[in-house]
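For reference, the chains in residue letters:
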Amino acid sequence: MRVDLSSLPVDPAERSGMECYHVNQRNEIRRAYLQKGPFQPQNYKFPQRAFGGLAFRGHDEKDESDNKCNFLELLQWLADRCDVVDRVVLKNAPKNTQLKCSDIQKDIVQACSDAVMNVIMEDLGKKFFAILVDESRDVSCKEQLALVLRFVNKKGEVVERFVGLKHVSDTSALTLKATIYDMLSKWNLSPTSIRGQDYDGASNMSGAFNGLKTLIMNETKFAYFIHCFAHHLQLTLVFVAKNHTKVNDFFDAVSRLLNIIGSSYKQRDNLRKKQADKVMEALVEGKIESGTSLNQEVGIKRPSDTRWVLEDLGKDNSDRDRKVEAIRILRLLKSFDFVVCLHLMVDILGVTDHLNTTLQRKYQNIVNSMNQVSSSKKAIQEIRDLGWEPLLGNVTLFCDKHDVRIVDMEDEYYDRFSRRRGSQINNLHHYHVDVFKAVIDMQLQELNHRFNEANTKLLLCIACLCSRESFKAFDLDKLMEMTILYQEEFRTEYDLQVLEVELKNYIKDVREDERLIN
């Protein structure tokens, strides 16, 4: 349905998002909005949502300007509607003290910020809190550190409150730690009250020895660091891809393959044609079935089709650089090393794919997620113990089908750089130990490091306080186990006994409370 461009609202607050319009009409609607010019906030009641994303200062703040900064426009709007304000602001200000220069505006903003922070600090009180920290470079190429506090407010709600931005001279862990402590001390917050840390996976943040989380935990033992688990899983795969030579070469070849075919519409069409011909041939021979959602075009999938496209590129003399690259990639794809890594990564990624999907859900069950992590570790360990023979069999069948030379496992292994150097191992030892077991061991080591016992145990214990289904997950024994992680909070055996009695009374009270019956 066509949109009447003349009826589009002038006020940005009343405009619908571009996703509400048809794709083919969006550019036309954007041009119509631009032609309407800037919105003049005269005789208008500003809704709350109108303030998001508006600049505070303007380019032209002269009295004769039709589009002053938002600060002056809002001040004028308030003066037009309130005689008390109108008598003491702008042109009516006593002795010309209009208080509208840039320094005064900054002071007003700072006063508002301090007032907001006072409310936040009052809500936080002397309770424990977690810190969320990230740093990024702004348009002036200065590194800015952002600090957010996460805590339970006086209403018993978990809230996150932005504390502020601060410029940092460098992004070393020591500098970031000093900056965070400085921002906390400004509001009389003690680092000893930190009970959680959340950063990205950069080494300066999460490093095991000199990372920011380690430096803080050295001083505040219970400031546990629990990173986004979906990102953790990604980092484990990236670690293996970067640190094992064969796997690195494998992903490099895949990347180059995607670039050389994906960058050319001609080669994409060629690939589609090869796939379509192959599907028709298989349908005629009865190798595959036809039907709804079957045999759809999905991009680079069949090795033989991809090989034909690369062979065609290798014979094309119109673009010599592309021709040479195609020949080089084709040689890599037809190597035994590539086929071994291909099947090995398919097995590993097949295990972690379901875990990756589980960890990225917006609403997820903590217990289920931790069980999925444990199951994935066991599945990868099972591949290491029992998966070599099936893998070698699949690799052999693949090589036979696609004319890839199969190496003799009893022959002496050489690294393809020099045959003169004597080798102490054969091909079987290299592919079984140096590739298969080494890659899996690296993967398991990273999974155990990033999904460590303390973090997993902490999350499983916290999940026992979930209120769903009349606190069905409540487990007194696991909650008492959590005291081991915070053992210094309970100085005597008597404190632990009191806690156990309080938890029994707590679960009895909440299950009998009519307000929590559902």
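The structure presented is a predicted model; accordingly, all values stated were derived computationally and were not measured.

Section: the overall build of the chain
When you go through the chain residue by residue, the secondary structure sums to 20 helices and four strands. The buried share of the chain, reckoned over its 518 residues, is 36%. For the chain, restricting intrachain contacts to residue pairs at least 6 apart in sequence, the fraction spanning at least 24 positions comes to 60%. With an accessible surface of roughly 32,900 Å², the chain has 52% of that area assigned to carbon and sulfur atoms.

Overview of the nonpolar core
The biggest cluster of nonpolar side chains holds 45 residues, and the ones touching the most others in it are Phe336, Leu344, Val395, Tyr431, Phe436, Val439 and Ile440. If one sorts the elements of this core by residue count, helix H13 (residues 336-359) sits on top with 11 residues. Dropping the residues within four chain positions of it, Val395 is found in contact with Phe336, Val339, Val340 and His343. With 29 residues, the next largest nonpolar core counts Leu149, Val163, Leu189 and Tyr199 among its residues.

Some details on the packing of H13 against helix H16 (residues 427-450)
Contact pair H13 / H16: the axes reach a minimum separation of 11 Å and the direction vectors enclose 30°. Classified by the interaxial angle, the pair formed by H13 and H16 is roughly parallel. Once H13 is placed against H16, the crossing between them reads as right-handed. The residues of H16 that touch H13, namely those facing Phe336, Asp337, Val340, Leu344, Met345 and Ile348, are Tyr431, Val435, Phe436, Val439, Ile440 and Gln443. Looking at side-chain class alone, the contact of H13 with H16 contains 10 nonpolar, one polar and one charged residues.

Topic: the confidence of the model for the chain
Looking at the chain, the pLDDT average stands at 77 and 76% of residues meet or exceed 70. Averaged pLDDT values for the elements of the chain fall to 53 in helix H11 (residues 303-314) and rise to 92 in helix H15 (residues 388-401). In the model, residues 40-52 has pLDDT below 50 throughout and makes 20 contacts with residues more than four positions away in sequence or in other chains. Counting interchain partners and residues more than four positions distant, the pLDDT-below-50 stretch residues 295-305 has 27 contacts.

A closer look at the side chain of Thr352
Mapped onto the elements, Thr352 comes out in helix H13. Once residues within four sequence positions are removed from consideration, Thr352 is found in contact with Leu233, Leu237 and Ile380.

Structural notes on the sheet that holds strand S4 (residues 194-198)
Working definition: the strands of a sheet are paired by backbone hydrogen bonds and lie parallel or antiparallel to each other. Across the sheet, which stays open at both edges, the four strands sit in the order S3-S2-S1-S4 with mixed pairing between neighbours. Lying at the two open borders of the sheet, with one neighbouring strand each, are strand S3 (158-167) and S4. Here the average twist between neighbouring strands, direction ignored, is 25°. Lying over the sheet, helix H4 (residues 102-124) contacts strand S1 (129-137), strand S2 (143-152) and S3, oriented at roughly 40° with respect to S2. Helix H7 (residues 212-219) rests against S1 and S4 of the sheet, and its axis sits at about 175° to S4.

Some remarks on helix H5 (residues 173-186)
Taking 1.5 Å as the rise per residue, H5 with 14 residues should run 20 Å; its terminal C-alpha atoms sit 20 Å apart, in good agreement. Within H5, burial applies to Ala173, Thr175, Leu176, Lys177, Thr179, Ile180, Tyr181, Met183 and Leu184. One or two residues past the end of H5 sits Asn188, with phi positive at roughly 60°.

Focus on the pairing of S4
For S4, a buried count of four out of five residues is recorded, marking the element as mostly surrounded by other parts of the structure. As defined by bridge partners, S1 adjoins S4 across four bridges and the pair is classed as parallel. Each bridged residue has a counterpart across the sheet, and for Ala130 the counterpart in S4 is Gly196.

Some details on the pattern of salt bridges
Side-chain pairs of opposite charge can arise where the charged atoms are in close proximity. Across all of its chains, the model carries seven salt bridges by this definition. Of the charged contacts in the structure, one is a salt bridge between Lys166 and Asp182, with a shortest N-O distance of 2.0 Å. Taken together, the positions of Lys166 in strand S3 and Asp182 in helix H5 put the pair 16 residues apart, joining distant regions of the chain. When its relative accessible area of 30% is taken as the criterion, Lys166 is described as partly exposed.

Considerations on a negative patch on the surface
A cluster of like negative charges, contributed by Asp408, Glu410, Asp411 and Glu412, occupies part of the molecular surface. Position of Glu412 among the secondary structure elements: in the loop between H15 and H16.

Notes on unusual backbone geometry
One non-glycine residue, Asn188, adopts positive backbone phi at about 60°. By the element assignment, Asn188 lies in the loop between H5 and S4. Asn188 sits in the exposed class, given a relative accessible area of 64%. In the Ramachandran plot, Asp403 falls in the positive-phi region, its phi being about 55° despite a non-glycine side chain. Tracing the backbone shows Asp403 in the loop between H15 and H16.

Some details on the side chain of Gln443
Secondary-structure assignment places Gln443 in helix H16. Gln443 sits in the buried class, given a relative accessible area of 0%. Among all residues touching Gln443, those that are not within four sequence positions of it are Thr236, Leu237, Val240, Ile348 and Ile380.

Some thoughts on H15
With 14 residues, H15 extends 20 Å from end C-alpha to end C-alpha; this agrees with the ideal 20 Å at 1.5 Å per step. All of the buried residues in H15 are Trp388, Leu391, Leu392, Val395, Phe398 and Cys399. Considered in projection along H15, the buried side chains sweep an arc of 125° and stay on one side of the axis. Of the exposed residues in H15, those oriented more than 90 degrees away from the buried face are Glu389, Leu397, Asp400 and Lys401.

Cut-offs applied
Residues numbered from 1 in each chain as written. Predicted model: local features only at pLDDT ≥ 70, side-chain atom pairs only at ≥ 80, totals over all residues. Heavy atoms only, no water. Helix = DSSP H or I, 4+ residues; strand = E, 2+ residues; numbered from the N terminus. Buried < 20%, exposed > 50% of the residue type's maximum accessible area, 1.4 Å probe, protein only. Contact = heavy atoms within 4.5 Å. Areas by Shrake-Rupley, 256 points an atom, 1.4 Å probe, with all protein chains shown as cover. Core = buried A, V, L, I, M, F, W, Y, C linked by side-chain atoms within 4.5 Å. Axes fitted to C-alpha atoms, helices over the stretch in contact; angles between N-to-C directions. Parallel < 35°, antiparallel > 145°, perpendicular 65-115°, else oblique. Left-handed = near helix turned anticlockwise from the far one by under 90°. Nonpolar A, V, L, I, M, F, W, Y, C, P; charged D, E, K, R; others polar. pLDDT = per-residue confidence, 0-100. Pairing = 2+ DSSP bridges. Expected span 1.5 Å × (residues − 1). Salt bridge = Lys/Arg side-chain N within 4 Å of Asp/Glu carboxyl O. Patch = residues over 30% accessible without salt bridge, like charges linked within 9 Å, V, L, I, M, F, W, Y side chains within 5 Å. Lys, Arg positive; Asp, Glu negative; His and termini not counted. Charge placed at Lys NZ, Arg CZ, Asp CG, Glu CD. Arc of directions from axis to C-beta.

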